[in-house]
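Commentary on secondary and tertiary structure
Here are the chains, one letter per residue:
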There are 2 protein chains.
Amino acid sequence: MSTQKINIGLFGFGPVGQGFYKLAGQRANNKINIIRIAVKDQKKERTLDRSAFTFDYRELLHAPDLELIVEATDDERAGYEIIKTALLKGIPVVSANKKLLANNLEEFVDLSIKTQTPLLYEAAAAGAIPIITSLDSYFNDEVVNAIRGIINGTTNYILSSMLQQGISFETALKNAQELGFAESDPKNDVDAYDAAFKLALLSVHAFGKILDVNDILRYGIRFIKKEDHQEAEALDKVIKLIAHVFPSGDGIEGLVLPTWLAKEDDFSSVSAEFNAIEILAKDSGAHLLKGKGAGSLPTGSALLNDVIKALSGGYTYKKLNKAQNPDGIEIEVILTLKNPSEINGLLEVQKQVEANGNIKITAWINTRDLKAQIGYLEENEAGLISTGRIRKVIKQSKSDKLSCTEKKIQNEVLN
Amino acid sequence: MSTQKINIGLFGFGPVGQGFYKLAGQRANNKINIIRIAVKDQKKERTLDRSAFTFDYRELLHAPDLELIVEATDDERAGYEIIKTALLKGIPVVSANKKLLANNLEEFVDLSIKTQTPLLYEAAAAGAIPIITSLDSYFNDEVVNAIRGIINGTTNYILSSMLQQGISFETALKNAQELGFAESDPKNDVDAYDAAFKLALLSVHAFGKILDVNDILRYGIRFIKKEDHQEAEALDKVIKLIAHVFPSGDGIEGLVLPTWLAKEDDFSSVSAEFNAIEILAKDSGAHLLKGKGAGSLPTGSALLNDVIKALSGGYTYKKLNKAQNPDGIEIEVILTLKNPSEINGLLEVQKQVEANGNIKITAWINTRDLKAQIGYLEENEAGLISTGRIRKVIKQSKSDKLSCTEKKIQNEVLN
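Some details on the overall build of chain A
Broken down by element type, chain A carries 16 helices and 14 strands. Nonlocal contacts in chain A, meaning residues at least 24 apart in sequence, comprise 72% of its contacts between residues at least 6 apart.

Right, dumping it as structure tokens:
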């Protein structure tokens, strides 16, 4: 690195942008010069002098002295233009915008490789946890069999407070919103979209394949009841929202489902703001990484680390589109019945799903629910689950983009 | 990387060398050519043809086609010559020889930087856990306040089996030796030398300072009794051998001590072959990395990852000899008395040690022992501890190389 400062354009000044701004002033050997900060809202009270800002992101995007971009907006349309334009101009980009990245991953990765321009997104994957860096720089020669994680702090906070305080989902959500842990529109977190976006970012580095977020079997925590926690507790289990991704046939399979965990499971003790990710590597075994998955300084720190990394190059994408040879893993889904009369149909589903693939369905028979060990699917307000609900989930998917899991279940349920 | 193979000399063919050899044949795009394996014992039965070996390490070290060295011996003298010679010749070295590295770290790091020749040692620090890579490439711009870890699998196995089977240290050690988890001379593991070597390797990347292993306050598990586990259990605690390192004044302070942990502590659930390391980073908070700390394939995989990394460069050593500005942390040491009559002297020690520095001593008064929350110092066969024992520990240190902790305690105890 020369002694010259690097001229950075910062896009977005929410908590993450502010965290980055603060740390950039203290660290990186004072080599960072933030030329301007692009924000949308002209009326919002800011902590910096008005001259630090521009309200026209294109003005900053095309500034002649711009050398690196930090994209910390939550704006998908402007963000897309910013990243694409920058890469085409050969300007390195560091981004925390997981939705934008996940939805355009194939195009962005392709562009970054073709233009040889770094595009780094550690801050988007699991806050401060160096999971992308580890996968891309350390596990890039080793086959990864699977990845499992708690990668959404909001749902983790809600599940924890439901359990600890014995309150309903609605109350826990309201509390989380009041404390700033959940947004006013909680859909993104609560329905597990956010976790699905992150899974896509992890998958390209773990398995070398682009995972379409629409192909992820995604089931949030909206329908988890107080009683579900009590029932889990009685069985010495804890309910967590677990994201899971693993190679399956020629593709990869992504799942984000409420899951019963044994209390001794490392994930059972992951508390509110923390995320945790387990890498199951073929030769070196299980690795756990745990750290703060959100927050102004942790995420800002991840952006700053990426800025420094971007000065010496981008990701290796060493596995991209290269055949891997993972050990098969088995996901066990426990389905239980609302009504004992459904048992024959269920056992038939189980038999046929197990016949091909690495998903094992185990019937758990009680009168209350149809539920999953990984997977805790629900049917109605009472948190009950039936094959009918599974059909409904499948119907929500684009029929031409069904994941392997869904196709298997669909074949059985719809036939 | 060109399509040409890289010519590697492998030194040592114990479990780790064999693990590396096996994986090198399967991975790394078949770009590795192991030209020969240097071993000492001519009579030992080997799994490969005799032609694969040389019994003269110097012959391999000076082979004209040698391009990279994998040093997996446990031979300090030959290892020193191998690493030094290679670096001076500009041949990159990957090593798993923690004792050799820790004892010569200043010289080796200096030589690696001066000759611009990579010297990588991820496999020496905590087996498969990418801790050095993370510290060196991801946390190299962020201040680290402290590192804490379980970094010796043998002692962890012994402590676990003592607790679970209710057996004595001697029996647990004997079992571990029979199962190959402990060596016939267990001193290196049991007296915490091994953990101290690893702490030195972590410290140079976390804090930018070379930690002399002789300055580490090191107390093994040899004197832990069945009754100690029972007592811990009664207080809802678990005893683990915890390595701890943090900046203190102008230097750094290293401790490896049996420690009482709350059962909810992440480290309490770390089982036999696993290691775990916590990085307390100033901005991004606590990070936990957990993985296999030993074993043929996990450690062999770490060597292979380092080989690939060495082709593109060595460690950054970005923090080396640069001032850091960590947040102060406090280590609480609980001293308890064998004899209530010692209480006044102990309280005096406590007051004065606390007066300067980040070590807080809390008296735990019972008639049985003088013990540490972090720190479980012992006095005699019955596992009892007194100020007398501390004096003895201090006397074992070179008097001109006392660590800060020891000096503080010495001042109080010897005066």
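A short note on the interface of chain B and chain A
Contacts between the two partners involve 31 residues from chain B, matched on the other side by 31 residues from chain A. Elements with a minimum of two residues in the side of chain B that touches chain A: helix 7 (131-137), strand 12 (285-292) and helix 13 (296-310) of chain B. Counting residues per element, the side of chain B that touches chain A draws most heavily on strand 12 of chain B, at eight residues. Considered class by class, the residues forming the side of chain B that touches chain A number 14 nonpolar, 10 polar and seven charged. In this sheet, strand 12 of chain B lies alongside strand 12 (residues 285-292) of chain A in antiparallel orientation, the contact comprising three bridges. Each residue of the ladder has a partner; that of Lys290(A), found in strand 12 of chain B, is Leu288(B).

Side note on helix 11 (residues 193-206) of chain A
Residues and elements named next belong to chain A. Taking 1.5 Å per residue, 14 residues should reach 20 Å; helix 11 reaches 20 Å between its end C-alpha atoms and fits that length. Of all 14 residues in helix 11, 14 are buried; the element is thus mostly enclosed. Looking one or two residues past helix 11, Gly208 carries a phi angle of roughly 75 degrees, positive in sign.

Structural notes on the sheet that holds strand 6 (residues 119-120) of chain B
Residue and element names in this part refer to chain B. The strand order 3-2-1-4-5-6 describes an open sheet built from six strands, whose pairing is parallel. With one partner strand each, in any of the chains shown, strand 3 (53-54) and strand 6 form the two edges of the open sheet. Relative to strand 2 (residues 32-38), strand 1 (residues 6-11) runs parallel, the two sharing six bridges. Along strand 2, the bridge assignment pairs Ile6 with Ile32. Contacts from helix 3 (residues 76-89) reach strand 1, strand 4 (68-71), strand 5 (93-95) and strand 6 within the one sheet, and its direction differs from that of strand 4 by about 160 degrees.

Side note on the nonpolar core
In this structure, Leu201(A), Val256(A), Leu201(B) and Val256(B) are the most contacted members of the largest nonpolar core, which totals 231 residues. Those residues in contact with Leu201(A) that lie beyond four places of it in its chain are Lys98(A), Leu101(A), Ala102(A), Tyr121(A), Ala124(A), Ala125(A) and Ile132(A).

Observations concerning the confidence of the model for chain A
All names here are of chain A. For chain A, the mean per-residue pLDDT works out to 80, and 78% of the residues sit at or above 70. This model gives residues 356-415 a pLDDT under 50, and the stretch forms 150 contacts once residues within four places in sequence are excluded. Here the predicted complex carries an ipTM of 0.80, next to a pTM of 0.82.

A short note on the domain arrangement of chain A
All names here are of chain A. What the domain assignment lists for chain A is domain 1 (6-126), domain 2 (131-292) and domain 3 (331-414). A C-alpha centroid distance of 27 Å is found between domain 1 and domain 2. Elements supplying a minimum of two residues to the side of domain 1 that touches domain 2: helix 4 (98-103), helix 5 (105-114) and helix 6 (122-126). The greatest single-element share of the side of domain 1 that touches domain 2, amounting to five residues, is contributed by helix 4. Per-class residue counts for the side of domain 1 that touches domain 2 are eight nonpolar, one polar and four charged.

Considerations on helix 1 (residues 15-26) of chain B
Residues and elements named next belong to chain B. The end-to-end C-alpha distance of helix 1 is 17 Å, a good match for the 16 Å that 12 residues give at a rise of 1.5 Å each. Buried residues of helix 1: Val16, Gly17, Gln18, Gly19, Phe20, Tyr21, Leu23 and Ala24, and no others. Elements that come into contact with the buried residues of helix 1 comprise strand 1, strand 2, strand 4, helix 6 (122-126) and helix 13. Note on helix 1: the residue one or two positions beyond its end, Ala28, has a positive phi of about 55 degrees.

Quick notes on the packing of helix 1 (residues 15-26) of chain A against helix 13 (residues 296-310) of chain A
All names here are of chain A. The contact between helix 1 and helix 13 brings their axes to 7 Å, and the two run at 65 degrees. Seen along the crossing, helix 1 lies across helix 13 with a hand that is right-handed. Side by side, helix 1 and helix 13 meet where Pro15, Val16, Gln18, Gly19, Phe20, Lys22, Leu23 and Ala24 of the first sit next to Ser296, Leu297, Thr299, Gly300, Ser301, Leu303 and Leu304 of the second. Per-class residue counts for the contact of helix 1 with helix 13 are eight nonpolar, six polar and one charged.

Things to note about the relation of the copies chain B and chain A
For the pair chain B and chain A, the relating rotation is 180 degrees, the translation along its axis is 0.0 Å, and the fit reaches an RMSD of 0.0 Å. Such a combination of turn and shift is consistent with a two-fold rotation axis. Considering only C-alpha atoms, the part of chain B nearest the rotation axis is Leu289(B), at 2.4 Å. Both copies contact each other with a shared surface, as 100% of the interface residues of chain B are interface residues in chain A too.

A closer look at the environment of Thr54(B)
Residues and elements named next belong to chain B. Note on placement: Thr54 falls in strand 3. The sequence separation of Thr54 and Thr85 amounts to 31 residues, and the corresponding C-alpha distance is 18 Å. When near neighbours in sequence (up to four residues on either side) are disregarded, Thr54 contacts Arg36, Ala38, Glu59 and Leu60.

Quick notes on the pairing of strand 12 of chain B
Residue and element names in this part refer to chain B. For strand 12, a buried count of six out of eight residues is recorded, marking the element as mostly surrounded by other parts of the structure. Note: strand 11 (residues 274-281) against strand 12, eight bridges, orientation antiparallel. From the neighbouring strand, Asn275 faces strand 12, where its bridge partner is Gly291. In this antiparallel pair of consecutive strands, strand 11 and strand 12, the connection spans three residues.

Some thoughts on unusual backbone geometry
All names here are of chain B. In the Ramachandran plot, Gln116 falls in the positive-phi region, its phi being about 50 degrees despite a non-glycine side chain. Residue placement: Gln116 occurs in the loop between helix 5 (105-115) and strand 6. Look at Gln116 and you get exposed, because 10 C-beta atoms sit within 10 Å. The residue Ala192 is not glycine, and still its phi comes out positive at about 70 degrees. Note on placement: Ala192 falls in the loop between helix 10 (187-190) and helix 11 (193-206).

Section: the packing of helix 8 (residues 153-165) of chain A against helix 9 (residues 169-178) of chain A
Residues and elements named next belong to chain A. Between helix 8 and helix 9, the least distance of the axes is 9 Å, while the angle of their chain directions is 125 degrees. If you check the angle between helix 8 and helix 9, you find them oblique. Crossing of helix 8 against helix 9: the hand is right-handed. Contacts between helix 8 and helix 9 pair Thr154, Tyr157, Ile158, Ser161 and Met162 from the former with Phe169, Ala172, Leu173, Asn175 and Ala176 from the latter. Its residues placed into classes, the contact of helix 8 with helix 9 shows seven nonpolar, three polar and no charged.

Things to note about the environment of Ile37(A)
By the secondary structure assignment, Ile37(A) is in strand 2 (residues 32-38). Distance from Ile37(A) to Glu107(A), taken between C-alpha atoms, is 26 Å for residues 70 residues apart in sequence.

Rules of the game
- Residues numbered from 1 in each chain as written.
- Chains lettered and ligands numbered in written order.
- Predicted model: local features only at pLDDT ≥ 70, side-chain atom pairs only at ≥ 80, totals over all residues.
- Helix = DSSP H or I, 4+ residues; strand = E, 2+ residues; numbered from the N terminus.
- Contact = placed C-beta atoms within 7 Å.
- Nonpolar A, V, L, I, M, F, W, Y, C, P; charged D, E, K, R; others polar.
- Pairing = 2+ DSSP bridges.
- Expected span 1.5 Å × (residues − 1).
- Buried ≥ 20, exposed ≤ 12 C-beta atoms within 10 Å, placed from the backbone.
- Axes fitted to C-alpha atoms, helices over the stretch in contact; angles between N-to-C directions.
- Core = buried A, V, L, I, M, F, W, Y, C linked by C-beta atoms within 7 Å.
- pLDDT = per-residue confidence, 0-100.
- Domains from an automatic or database assignment.
- Left-handed = near helix turned anticlockwise from the far one by under 90°.
- Least-squares fit on C-alpha atoms with pLDDT ≥ 70 in both.
- Parallel < 35°, antiparallel > 145°, perpendicular 65-115°, else oblique.

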